[in-house]
Amino acid sequence: ETGVTQSPTHLIKTRGQQVTLRCSSQSGHNTVSWYQQALGQGPQFIFQYYREEENGRGNFPPRFSGLQFPNYSSELNVNALELDDSALYLCASSLGTVETQYFGPGTRLLVL
Amino acid sequence: DAKTTQPPSMDCAEGRAANLPCNHSTISGNEYVYWYRQIHSQGPQYIIHGLKNNETNEMASLIITEDRKSSTLILPHATLRDTAVYYCIVRVDLGKSTFGDGTTLTVKP
């Protein structure tokens, strides 16, 4: 157990809808990173939040957005869902931007 | 980022040491080598990391060559529960890393 929790565990949406995924970081961790993992592939970096500010972004379109709250929990929002957005979404927290990351169990999103 | 190369799959007998290689020939002086593993459909689990010295913890040992162009993760006594995908990542800022496809380790009885 890493102390990082994610909700919901599973989610089914239809194309065009919007989704919000949530992550609660490990106690004391001020940095949260989000990853998308398609079936059979390694995790792909979406973006990172450090002390409520975005601190780097991977090659994902603007319809992927995020938020970090004062308690360092975080949300990932995806608008206009596409079939290819079906994946395991992982969040990871760390004490800082260059410290070891600890991952949550993930949210499995299916877009129909 | 330094690119890493790992074999797609490996087998290991239960109770034997599992040695997982990783090549990172373009590594920079300030880049760390990190290892994570992912058991089916779970979040990646941190194993170990190092800069240039060999490292050991309760899970594994990390051997980094003197020129830092490759490393080996050693699980000293593999068990069936060590069956997983193992990722080697080389990066200063791990938070912005993209994992490769890793090595699928299968531990067999």
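Refer to the structure above for everything that follows.
All figures in this text were calculated on a predicted structure; none of them were measured in a lab.

**Let's talk about the overall build of chain B**
- Summing up its helical and strand segments, chain B has zero helices and nine strands in all.
- Its helices and strands in sequence order give chain B the pattern β-β-β-β-β-β-β-β-β, from N to C terminus.
- Here chain B has a C-alpha radius of gyration of 13 Å; the compact-globule value for 109 residues is 13 Å, and the two agree.
- For chain B, the spread of C-alpha atoms along the three principal axes comes to 40 × 30 × 25 Å.
- Within chain B, buried positions represent 44% of all 109 residues.
- If you take every contact in chain B between residues at least 6 apart in sequence, the share linking residues at least 24 apart comes to 55%.
- Carbon and sulfur atoms form 48% of the exposed surface of chain B, whose accessible area is close to 5,500 Å².
- A distance of 2 Å separates the average location of the 10 positive side-chain charges in chain B from that of its 11 negative side-chain charges.

**A few points about the interface of chain A and chain B**
- Listed by partner, the interface residues are 23 residues for chain A and 20 residues for chain B.
- A combined buried area of about 1,500 Å² lies between chain A and chain B, and 50% of that area is made up of carbon and sulfur atoms.
- The tally of links between chain A and chain B comes to four residue pairs in polar contact (both at pLDDT 80 or more).
- Breaking the side of chain A that touches chain B down by element, the ones donating at least two residues are strand E4 (31–37), strand E5 (44–50), strand E6 (53–57), strand E9 (87–94) and strand E10 (102–103) of chain A.

**Concerning the pairing of strand E7 (residues 70–75) of chain B**
Residue and element names in this part refer to chain B.
- Inspection of the sheet shows strand E2 (residues 18–23) paired to E7 by six bridges, in the antiparallel sense. Of the residues in E7, the one forming a bridge with Pro21 is Thr72.
- With four bridges joining them, strand E6 (residues 61–64) and E7 adopt antiparallel strand pairing. In the sheet register, Ile64 faces E7, and the bridge partner there is Ser71.

**A closer look at the side chain of A:His29**
Residues and elements named next belong to chain A.
- Here His29 shows up in the loop between strand E3 (19–24) and E4.
- On the basis of relative accessible area, His29 is assigned to the buried category, the value being 4%.
- A distance of 3.3 Å separates a polar side-chain atom of His29 from the backbone nitrogen of Ser94.
- Every residue in contact with His29, bar those within four places of it in the chain, is listed here: Tyr72, Ser93, Ser94, Leu95 and Tyr102.

**Comments concerning the sheet that holds E6(B)**
All names here are of chain B.
- Strand order in the open sheet formed by four strands is E2-E7-E6-E5, with antiparallel pairing between adjacent strands. Bordering the open sheet on either side are E2 and strand E5 (55–56), each of which pairs with just one other strand.
- Here E5 runs beside E6; their pairing, made up of two bridges, is antiparallel. When the sheet's bridge partners are listed, Glu55 is paired in E6 with Leu62.

**Let's talk about unusual backbone geometry**
- A cis amide bond links A:Ser7 to the next residue, A:Pro8, at an omega of -10 degrees.
- Following the sequence through the fold, A:Pro8 ends up in the loop between strand E1 (5–7) and strand E2 (10–13).
- In the Ramachandran plot, A:Tyr72 falls in the positive-phi region, its phi being about 75 degrees despite a non-glycine side chain.
- The residue A:Tyr72 is located in the loop between strand E7 (64–68) and strand E8 (74–78) in this model.
- A:Tyr72 gets classed as partly exposed once you look at its relative accessible area, which sits at 25%.
- Although it is not a glycine, B:Arg68 sits at a positive phi angle of roughly 65 degrees.
- A residue is classified by how much of its surface remains accessible, and B:Arg68, at 9% relative accessible area, is buried.

What counts, and where the lines are drawn
Residues numbered from 1 in each chain as written. Chains lettered and ligands numbered in written order. Predicted model: local features only at pLDDT ≥ 70, side-chain atom pairs only at ≥ 80, totals over all residues. Heavy atoms only, no water. Helix = DSSP H or I, 4+ residues; strand = E, 2+ residues; numbered from the N terminus. Rg over C-alpha atoms; globule rule 2.2 N^0.38 Å. Buried < 20%, exposed > 50% of the residue type's maximum accessible area, 1.4 Å probe, protein only. Contact = heavy atoms within 4.5 Å. Areas by Shrake-Rupley, 256 points an atom, 1.4 Å probe, with all protein chains shown as cover. Lys, Arg positive; Asp, Glu negative; His and termini not counted. Charge placed at Lys NZ, Arg CZ, Asp CG, Glu CD. Buried area = accessible area lost by both parts, 1.4 Å probe. Polar contact = N/O pair within 3.5 Å; in protein donor to acceptor, adjacent residues only side chain to side chain. Pairing = 2+ DSSP bridges.

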